[in-house]
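One letter stands for each residue in the lines below.
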Amino acid sequence: MARSSLLLYYFSGSGSFRSFFFFIPTTLALTTSLFILFYISTTSNLFTHYHPPDPSFLGLNSPFGSSTFSPLTRQTGSISFHNHSKTPFQFQVPQIVHLGEGGFGSQRPLEPRLPPDGHGNYVNYNEVYHDRDIFVEDYKEMNRSFKIYVYPHRRNDPFANVLLPVGSEPGGNYASESYFKKVLMSSHFITKDPTKADLFFLPFSIASLRHDPRIGVGGIQDFIKDYILNISQKYPYWNRTGGADHFYVACHSIGRSAMDKAKEVKFNAIQVVCSSTYFQPGYIAHKDACLPQIWPRQGVLPNLSSSNRKKLAFFAGKINSPVREKLLQVWRNDTEIFAHFGRLTTPYADELLGSKFCLHVKGFEVNTARIADSLYYGCVPVIIANYYDLPFADILNWKSFSINVATLDIPLLKKILKRFSFEEYLMLQRNALKVRKHFQWHLSPVDYDAFYMVMYELWLRRSSIRLPLNAFVHPN
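Please read all numbers here as calculations on a predicted model, not as lab measurements.

Here is what the cut-offs are and how they apply
Every chain begins its residue count from 1, and numbering advances along the sequence as written. For a predicted model such as this one, the threshold for reporting local features is a pLDDT of at least 70, and the threshold for listing and counting side-chain atom pairs is 80 or more; totals across whole chains, interfaces and linings nevertheless cover every residue. No hydrogens and no water enter the side-chain calculation; it runs on all heavy atoms of the structure. We call a pair of cysteine sulfur atoms a disulfide when they lie within 2.5 Å. Only DSSP runs of H or I with at least four residues qualify as helices, and only runs of E with at least two residues qualify as strands; both kinds are numbered from the N terminus onward. Burial classification: accessible surface area is computed with a 1.4 Å probe over protein chains only, and a residue below 20% of its type maximum counts as buried, one above 50% as exposed, and the rest as partly exposed. Under the rule applied, a polar contact is a pair of N or O atoms within 3.5 Å (in protein, one hydrogen donor and one hydrogen acceptor; residues adjacent in sequence only if both atoms are side-chain atoms). Only heavy atoms matter for contacts: two residues are in contact if any of them lie within 4.5 Å across the pair. Any two strands are treated as partners once DSSP identifies two or more bridges connecting them. Helix axes are fitted to C-alpha atoms over the stretch in contact, other axes to C-alpha atoms as well, and angles between N-to-C directions run from 0 to 180 degrees. What counts as a salt bridge is simple: a side-chain nitrogen of Lys or Arg found within 4 Å of a carboxyl oxygen of Asp or Glu.

A short note on the state of the cysteines
Item 1. The final tally for this structure, using the stated rule, is two disulfides.
Item 2. Note that Cys251 is cross-linked by a disulfide to Cys274, the S-S spacing being 2.1 Å. Disulfide Cys251 to Cys274: torsion about the S-S bond roughly -95°, handedness left-handed. Taken together, the positions of Cys251 in the loop between strand E5 (246-250) and helix H9 (254-257) and Cys274 in the loop between strand E6 (270-273) and strand E7 (289-290) put the pair 23 residues apart, joining distant regions of the chain. No difference in accessibility class separates Cys251 from Cys274, as the two residues are buried.
Item 3. Covalently, Cys358 is tied to Cys379 through a disulfide, its sulfur atoms 2.1 Å apart. Judged by the torsion about the S-S bond (105°), the Cys358/Cys379 disulfide is right-handed.

Shown next, in the form of structure tokens:
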């Protein structure tokens with residue numbers, strides 16, 4: 001009985017021995033929790049408020065470079081992909097802060113004032129290219145060796161209008177698709193020997209399919225599915241990579257849903273599309289590429305020396321998205337920011353020539369022709385389109401010639417633009433004029449124009465792996 005009482009006393013909790021062993025794990029748990037919180041607070045921006053940098057970061061007063069008062073909605077790191085260039089090309093890796101479509105919640109990344117490459121290397125934001133030397137050297141190699149095979153189709157094919165280049169000069173809002181195809185087919189990049197091809201072009205035209213009464217919007221998905229099935233049975237090239245070395249080009253947004261019945265195209269092939277947005281799951285950054293939407297213009301570039309830019313900023317367009325509604329709501333009656341909807345009473349070109357900044361604002365899609373319009377007329381683009389994978393982002397340093405404003409910051413737009421000094425604005429404009437040659441189409445391509453830039457983006461995405469064709473069994 002005495003022994004039982006002793007044991008009861010020992011385990012009752014009144015003994016110091018039990019209290020001692022209870023105290024140890026509690027202390028360890030608390031210490032570990034405090035250590036984790038300390039580590040997070042010293043290595044992360046999670047508990048710090050974002051303070052937008054001063055416009056002096058454009059590079060005039062700081063080695064760090066561009067103003068990021070309202071920065072791009074993606075921060076960048078580097079991943080090296082092995083290709084045939086002398087230096088591995090570094091793609092910019094996006095970090096996305098997700099937000100419901102059309103919403104105005106904050107998308108501003110937590111961006112510390114550190115060298116953007118994260119390796120202690122200063123970036124010169126006076127330079128319009130990420131690395132000009134690599135670009136120029138690899139561009140020459142691309143021009144010399146890059147080859148593309150196009151699946152052949154006869155002139156009397158029932159769908160020749162969909163599969164062959166247009167006979168007339170491309171025009172309209174989605175001309176980029178037709179321009180690329182027409183110029184490619186007559187270029188030195190084409191090879192008739194598929195064994196020498198780096199990439200294979202799927203030549204169907206989404207714009208032509210959309211307007212063909214035999215197919216229409218409702219029949220595009222079945223057409224694409226049947227087309228892929230046909231080439232995979234007739235040729236061995238699709239099957240050897242699952243389509244990873246194939247690409248198609250589309251500028252109309254219907255092209256995104258056109259692949260819904262051919263998922264291997266969406267997830268394996270390279271999609272060169274105007275609607276290049278991280279928000280849509282069908283677009284895979286750095287596998288796919290942005291096709292710039294450019295309104296075709298011919299003739300001599302406008303004389304910018306005579307332009308008198310009295311307006312701070314300008315926008316004109318349909319009100320077809322919550323983002324544009326917000327812009328109009330805030331700035332409709334302003335005397336410095338001209339936000340206009342409906343038909344203009346003055347020439348569109350005059351408005352662009354008379355404005356310092358020109359607004360590219362998301363409509364139905366992130367893409368419009370306004371960036372190319374702005375550059376053509378020497379107006380600094382202001383991009384208000386969250387999740388937009390900008391054209392040639394692997395090559396061009398967009399912070400050196402444009403400003404990116406999150407949709408949340410639309411009410412702050414005037415404050416953002418006015419923080420740039422006149423000298424800083426001139427630097428942005430000079431850089432905009434340097435890159436505008438990349439946003440022009442020519443029927444006879446000119447070095448570094450839009451056609452060659454798209455070709456360079458494709459060249460970066462080619463695979464260096466080639467499996468022998470005899471490793472595959474040709475379908476019956």
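Some words on the side chain of Ser275
Item 1. Turning to its location among the elements, Ser275 is positioned in the loop between E6 and E7.
Item 2. Side chain to side chain, Ser275 and Asn367 meet in a polar contact 3.1 Å long.
Item 3. With residues near it in sequence (within four places) discarded, Ser275 still touches Cys251, Ser253, Arg256, Glu365 and Asn367.

Examining the sheet that holds E6
Item 1. In space, the five strands of this open sheet follow the order E3-E4-E5-E6-E7, with parallel pairing throughout. Strands at the two margins of the open sheet, each flanked by one partner only, are strand E3 (148-150) and E7.
Item 2. Pairing between E5 and E6: four bridges, direction parallel. Note on E6: the bridge partner recorded for Val249 is Val272.
Item 3. Helix H5 (residues 175-185) rests against E3, strand E4 (199-201) and E5 of the sheet, and its axis sits at about 135° to E5.
Item 4. Where helix H16 (residues 450-460) meets the sheet, its contacts fall on E3, E4, E5, E6 and E7, and the angle it forms with E6 comes to roughly 160°.

Things to note about the pattern of salt bridges
Item 1. Tallying each qualifying case throughout the model produces 14 salt bridges.
Item 2. Between Asp260 and Lys266 there is a salt bridge whose closest N-O contact spans 2.8 Å.
Item 3. Of the residues examined, Asp260 reaches a relative accessible area of 32% and is grouped as partly exposed.
Item 4. Residue classification places Lys266 among the buried positions, given a relative accessible area of 10%.
Item 5. For the salt bridge of Lys311 with Glu351, the shortest nitrogen-to-oxygen distance reads 3.1 Å.

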